[in-house]
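# Summary of structural features
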Amino acid sequence: MSDPLCVLAAGYLAYFVRFDTMRMNGVYGVALLFLVITTMAASVVLRVYDQPLGERPISQYCCVAAAWSMAFAMMIALAYLLKASELYSRGWVSLTFCLGLAFLALVRQLAVVALQDLRRRGIGMQRCLLIGATDAGIHMAREAEANLGLGMKITAYVKTPYDHGVPLGVPSAGSLKHIEEILGRGQWDQVLLALPVSANRAISYVLDRMDEHVMTVKFVPDMLGRKLINHRMEDCAGVPVVTLRESPLLGHAWILKAIEDRVVAGLILVMISPVMLLLAVGVKLSSPGPVLYRQHRVGLDGKEFEMLKFRSMPVDMERGKAVQWGSAQTKTTTRFGRFIRQTSLDELPQFLNVLRGDMSIVGPRPERPMFVEKFKSQINGYMHKHLVKAGITGWAQINGWRGDTDLVKRIEHDIYYINHWSLGFDLRIIFLTIFKGFVHSEGKPSPALQLPEAPLTTVEPVAEEPL
């Protein structure tokens, strides 16, 4: 509810500063109303309101900034198309943008501070009874104590035969066989049922005993340590179904991602076309052979595609030789090829892959098929990254996990990206790539990646195929 008020306050304050009056001209009023509507719509599309207030505040601020910027871009584009841009003061437009961004962030920060203060006093906290000290139950108790944003206070737990330990600082209310007596005390607003899925008899026993009590019941399955991707609960033909692993890019999200990729890739290709022309000339002059080459990589749903790059090595350098993962330092490159590899300029043709639909602007980096076959059995959750399209840049790359670095850490970052995908997150990664995603040093393999069971080499025919 505060967002429309922030937009209106920013517009009126900017108008007062610019024109020294609060009696706004009707033309400006129409623009301000348009901003209110588009800001709310963009916030819904970018899932600004999906996260509970107080959780991951930096991510929320980035999403708010993206929504506000999108609304402003739509207003400016509409004014241009209607040839009405001359009716508005550039000073008012610029000041409204800056003030709106500040107000939206400030109101959220004040709300988070106020909410945390209330919860420290015990106001708005749900009193919870934890049934089962499984790994998931103990983790839930620890997180509820450390994160007031969850709004939960676990005041007691019930011992069960499936316990793996004791929740630190949480007193015991008794054992499972005394659950009727425990529930009869009426001291709790919510019950967290933290039992393994296999304990169906114990789960049914507890639910039967709770039929006579008015309490919220939440099931906390003991799946800690499992890599859950975009997990959620849904109703399917009247049957509750728990989705444990699924791509976040389905339905409208897939359409938004496709539009984002085509628009951004098209704009970037127009801007960098002179640079690509110079790079093509440099590749051609550095060694005989084609300017581009294609290489088979694994992308969405584990399917192969041909990834484009500027050629950095002499022609047929890998033909008939063993190919080893993480051997960037030993690969023979041309002098110009070494430069474009270290600055990631050799990857610019992949924007053509994005327009073709093989890749995305943001996503996990793709790997060669023979290495995917090896890694999928040696790195837990490796294949999960193929739930989305491969990307030119990604969350792992802007955090320093690119080139010959720890592959396990890279997969962890890729899975984090898939679990937290949003349009605002994509825009944030694209923006940070400008500062963190290009220049990197080659030939520094991480000692953390130790996969001793099989050598990461192959003698399969993987020669670079010239276009």
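The rules behind each value
Residues numbered from 1 in each chain as written. Predicted model: local features only at pLDDT ≥ 70, side-chain atom pairs only at ≥ 80, totals over all residues. Heavy atoms only, no water. Core = buried A, V, L, I, M, F, W, Y, C linked by side-chain atoms within 4.5 Å. Buried < 20%, exposed > 50% of the residue type's maximum accessible area, 1.4 Å probe, protein only. Helix = DSSP H or I, 4+ residues; strand = E, 2+ residues; numbered from the N terminus. Contact = heavy atoms within 4.5 Å. Pairing = 2+ DSSP bridges. Axes fitted to C-alpha atoms, helices over the stretch in contact; angles between N-to-C directions. Salt bridge = Lys/Arg side-chain N within 4 Å of Asp/Glu carboxyl O. pLDDT = per-residue confidence, 0-100. Parallel < 35°, antiparallel > 145°, perpendicular 65-115°, else oblique. Left-handed = near helix turned anticlockwise from the far one by under 90°. Nonpolar A, V, L, I, M, F, W, Y, C, P; charged D, E, K, R; others polar. Arc of directions from axis to C-beta. Expected span 1.5 Å × (residues − 1). Lys, Arg positive; Asp, Glu negative; His and termini not counted. Patch = residues over 30% accessible without salt bridge, like charges linked within 9 Å, V, L, I, M, F, W, Y side chains within 5 Å. Areas by Shrake-Rupley, 256 points an atom, 1.4 Å probe, with all protein chains shown as cover. Phe/Tyr/Trp six-rings, centres within 6.5 Å; stacked < 30°, edge-to-face > 60°.

With 71 residues, the main nonpolar core has Leu35, Trp92, Phe310, Phe351, Ile361 and Tyr417 as its most contacted residues. Take this core: its biggest share by element is ten residues, from helix α8 (residues 252–286). Once residues lying within four places of it in the same chain are set aside, the contact partners of Phe351 are Ala265, Ile268, Leu269, Ile272, Ile361 and Ile392. Counting residues in each nonpolar core, the second largest holds 19 residues, with Leu176, Ile182, Leu183 and Val206 among its members.

A few words on the sheet that holds strand β1 (residues 126–131). If you walk across this open sheet you meet the five strands as β3-β2-β1-β4-β5, and the pairing is parallel. Where the open sheet ends on each side, the last strands, each with one partner, are β3 (172–175) and β5 (216–219). Pairwise comparison of adjacent strand axes, ignoring direction, gives a mean angle of 25 degrees for this sheet. Bridge count for strand β4 (residues 190–193) against β5 is four bridges, and the pairing is parallel.

This next bit is on the side chain of Glu347. For Glu347, the location among the structural elements is in the loop between α9 (335–342) and α10 (350–356). Glu347 sits in the buried class, given a relative accessible area of 12%. With residues up to four places along the chain from it excluded, the contact list for Glu347 reads Lys309, Arg365, Ile392 and Arg402.

The subject of this paragraph is the pairing of strand β8 (residues 292–298). Remark: a regular strand shows side chains that alternate across the two faces of the sheet. One ladder, built from seven bridges, connects β8 with strand β9 (residues 304–310); its direction is antiparallel. Within β9, the residue paired with Gln295 across the bridge is Met307. Between the antiparallel neighbours β8 and β9 lie five residues, among them Asp301 with a positive phi of about 60 degrees.

With that out of the way, let us pick up the pattern of salt bridges. Under the criterion given, the structure shown has eleven salt bridges. For the salt bridge of Asp3 with Arg108, the shortest nitrogen-to-oxygen distance reads 2.8 Å. Here Asp3, found in helix α1 (residues 2–19), pairs with Arg108, found in helix α4 (residues 90–120); they are 105 residues apart in sequence, far enough to count as distant. What makes Asp3 buried here is its relative accessible area of 4%. Ionic pairing is found between Arg294 and Glu306, a salt bridge with its closest N-O pair at 3.7 Å. Taken together, the residues span a long stretch of sequence, with Arg294 in strand β8 and Glu306 in strand β9 at a distance of twelve residues.

For the protein, per-residue confidence averages 82 on the pLDDT scale, and residues scoring 70 or more make up 86% of the total. A low-confidence stretch, residues 441–467 (pLDDT under 50), is modelled with 63 contacts involving residues beyond four sequence positions or located in other chains.

Across the interface, α8 lies against helix α14 (residues 423–436) with an axial gap of 11 Å and an inter-helix angle of 25 degrees. By the angle class used here, α8 and α14 are roughly parallel. As for the relative orientation of α8 and α14, their crossing is right-handed in sense. Residue-level contacts link Leu256, Lys257, Glu260 and Val264 of α8 to Leu423, Asp426 and Ile430 of α14.

Take the packing of α1 against α4 next. It is at 8 Å that the axes of α1 and α4 come closest, and there the two elements cross at 140 degrees. By the angle between their axes, α1 is oblique relative to α4. At the point where α1 passes α4, the crossing takes the right-handed sense. Judged by residue contacts, Ser2, Asp3, Cys6, Ala9, Ala10, Gly11, Leu13, Ala14, Tyr15, Val17 and Arg18 of α1 engage Trp92, Leu95, Thr96, Leu99, Gly100, Phe103, Leu104, Val107 and Arg108 from α4. Split into classes, the residues belonging to the contact of α1 with α4 amount to 13 nonpolar, four polar and three charged.

Each α-helix turn comprises 3.6 residues. Residues three or four places apart therefore point the same way. Every buried residue belonging to helix α7 (residues 200–209) is among Ala202, Ile203 and Val206, and all of these are buried. The buried residues of α7 occupy one face: seen down the axis, they fall within an arc of 100 degrees. Elements in contact with the buried residues of α7: β1, β4 and β5.

Attention shifts here to α14. Along its 14 residues, α14 runs 20 Å from first to last C-alpha, staying within 8% of the 20 Å computed at 1.5 Å per residue. When we look at burial in α14, the residues that qualify are Leu423, Gly424, Phe425, Asp426, Ile429, Ile430 and Thr433.

Position of Cys62 relative to the elements: it lies in helix α3 (residues 57–81). Along the chain, Cys62 and Phe425 lie 363 residues apart, while their C-alpha atoms are 7.7 Å from each other.

Attention now moves to the side chain of Lys389. Here Lys389 lies in the loop between α11 (369–378) and β12 (391–393). In this structure, Lys389 is buried with no salt-bridge partner, the nearest side chain bearing the opposite charge being Asp261 at 5.3 Å. Contact partners of Lys389, with chain neighbours within four places excluded, come to Arg262, Leu300, Gly357, Met359, Ser360, Gly363 and Pro364.

The grouping of Leu5, Leu8, Tyr12, Leu13, Phe16, Val17 and Met22 at the surface amounts to a nonpolar patch, some 620 Å² of accessible area in total. As for its placement among the helices and strands, Leu13 is situated in helix α1.

Counted by the stated rule, this structure contains 17 aromatic pairs. Each ring, one from Phe72 and one from Phe97, has its centre 5.2 Å from the other, and the planes form 80 degrees; the classification is edge-to-face. Of this pair, Phe72 sits in helix α3 while Phe97 sits in helix α4, and the two are 25 residues apart along the sequence. For Phe72, a relative accessible area of 5% corresponds to the buried category. Their ring planes at 70 degrees and their centres at 5.4 Å tell us that Phe431 and Phe435 sit as a pair that is edge-to-face. In this pair, Phe431 and Phe435 are both assigned in helix α14, four residues apart and thus about one turn of the helix distant. For the pair formed by Phe431 and Phe435, the shared burial category is exposed. Among the aromatic side chains, those forming a connected cluster through ring pairs are Tyr15, Phe19, Tyr28, Tyr88 and Trp92.

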